[in-house]
Amino acid sequence: PVQWFSVTMCYYGLSFASTSLSSGGPYVNFMLSVMIEIPGYVFCILVMESWGRRPILTFCQIVSGVACIFCGLMQGVEDPDIKNLQIFLSLLGKFGASASFSIVYLYTAELFPTSIRNQAVGTCSLVARLGGISALLLDNLKVYWLPETVFIIIITITIILLIIIIIIIILIII
């Protein structure tokens, strides 16, 4: 479920923020953000069978995360070349996020046994919707806090939840 939360928050956060990028105008930026999803899905189709689900999911999340971090560090820069690099990094992050979003559905459905598959995917989808809601709330919180502070808080909460889930899994195995 933590994967679903972070993948959905990144995917929808990039989708909502694409219209506020500095150059190109909101319509062009949103169109680019939508169009970059197609190569992300094609990438998944082409490499998922040969590389496996987990490595591709990890790779796409790392690509998305690193691109988003560097894109966020470029906020407020007025140089046109840097603005174009920021749009490129945002699109690279959206590429990784859309690929991760499609992989996480398939990976979760294959992970659970048939008897609980519907409940498991439904529960994970519920957690994902909480990530989508938090992406909207984070966009509204930037008025009061710097976006970096908000994302650091959310990342910290996600890491804490991940550690708790790992501890629970270890206790169940033992």
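Residues numbered from 1 in each chain as written. Predicted model: local features only at pLDDT ≥ 70, side-chain atom pairs only at ≥ 80, totals over all residues. Heavy atoms only, no water.

Draft legend 1. Inspection of the overall build of the protein at higher detail. Looking only at helices and strands, one finds 7 helices and 0 strands in the protein. In the protein, the succession of helices and strands from N to C terminus is α-α-α-α-α-α-α. What you see for the protein is a C-alpha radius of gyration of 17 Å, in line with the 16 Å of a compact globule of 174 residues. Projecting the C-alpha coordinates of the protein onto the three principal axes gives extents of approximately 55 × 40 × 20 Å. (Helix = DSSP H or I, 4+ residues; strand = E, 2+ residues; numbered from the N terminus. Rg over C-alpha atoms; globule rule 2.2 N^0.38 Å.)

Draft legend 2. Layout of the packing of helix α1 (residues 2–17) against helix α4 (residues 53–73). The geometry of α1 relative to α4 is characterised by a closest axis approach of 12 Å and an angle of 45° between their N-to-C directions. On the basis of the axis angle, α1 is oblique to α4. Handedness of the crossing formed by α1 with α4: left-handed. Contacts from Gln3, Ser6, Val7, Cys10 and Leu14 of α1 reach α4 at Leu57, Gln61, Ser64 and Cys68. The class makeup of the residues in the contact of α1 with α4 is 5 nonpolar, 4 polar and no charged. (Axes fitted to C-alpha atoms, helices over the stretch in contact; angles between N-to-C directions. Parallel < 35°, antiparallel > 145°, perpendicular 65-115°, else oblique. Left-handed = near helix turned anticlockwise from the far one by under 90°. Contact = heavy atoms within 4.5 Å. Nonpolar A, V, L, I, M, F, W, Y, C, P; charged D, E, K, R; others polar.)

Draft legend 3. Spatial organisation of the pattern of salt bridges. Enumeration over the complete set of coordinates arrives at 3 salt bridges. The partner of arginine 53 in a salt bridge is glutamate 49, with the nearest N and O atoms 3.2 Å apart. For arginine 53, a relative accessible area of 15% puts it in the buried group. As a salt-bridge pair, arginine 53 and glutamate 110 come within 2.9 Å of each other at their nearest N and O atoms. One end of the pair, arginine 53, is in helix α4; the other, glutamate 110, is in helix α5 (residues 80–111), with 57 residues separating them in the sequence. For glutamate 110, a relative accessible area of 43% gives the class partly exposed. Beyond isolated ion pairs, a larger network of salt bridges with shared partners links Glu49, Arg53 and Glu110. (Salt bridge = Lys/Arg side-chain N within 4 Å of Asp/Glu carboxyl O. Buried < 20%, exposed > 50% of the residue type's maximum accessible area, 1.4 Å probe, protein only.)

Draft legend 4. Spatial organisation of the environment of glycine 132. Tracing the backbone through its elements, the reader meets glycine 132 in helix α6 (residues 117–141). Those residues within four positions of glycine 132 in sequence are excluded, and the remaining contacts are Thr8, Tyr12 and Phe16.

Draft legend 5. Structural detail: the packing of helix α2 (residues 25–35) against helix α3 (residues 37–51). Running from amino to carboxyl end, α2 crosses α3 at an angle of 10°, the nearest separation of the two axes being 4 Å. One finds that α2 runs roughly parallel with respect to α3. Taken together, the residues of α3 that come into contact with α2 (itself represented by Ser33, Val34 and Met35) are Glu37, Ile38 and Pro39. Here the contact of α2 with α3 is composed, by residue class, of 4 nonpolar, 1 polar and 1 charged.

Draft legend 6. Broad picture of α3. With 15 residues, α3 extends 20 Å between its outermost C-alpha atoms, agreeing within 8% with the 21 Å of an ideal straight helix rising 1.5 Å per residue. At isoleucine 45, α3 shows its maximal kink, close to 30°. By the burial criterion, the buried members of α3 are Glu37, Gly40, Phe43, Cys44, Val47 and Met48. The elements touched by buried residues of α3 are α1, α2, α4 and α5. With its phi angle positive at about 100°, glycine 52 sits one or two positions after the end of α3. (Expected span 1.5 Å × (residues − 1). Bend = angle between axes of the 7 residues up to and from the residue.)

Draft legend 7. The nonpolar core, seen in detail. Counting residues in hydrophobic clusters, the biggest one holds 10 residues: Phe43, Cys44, Val47, Met48, Ile56, Leu57, Cys60, Phe95, Ala99 and Ile103. Among the secondary structure elements, those contributing two or more residues to this core are α3, α4 and α5. When sequence neighbours within four positions are dropped, the list of residues in contact with methionine 48 reads Arg53, Ile103 and Leu106. Judged by nonpolar contacts, the second largest core, of 9 residues, contains Val7, Ala97, Val104 and Cys124. (Core = buried A, V, L, I, M, F, W, Y, C linked by side-chain atoms within 4.5 Å.)

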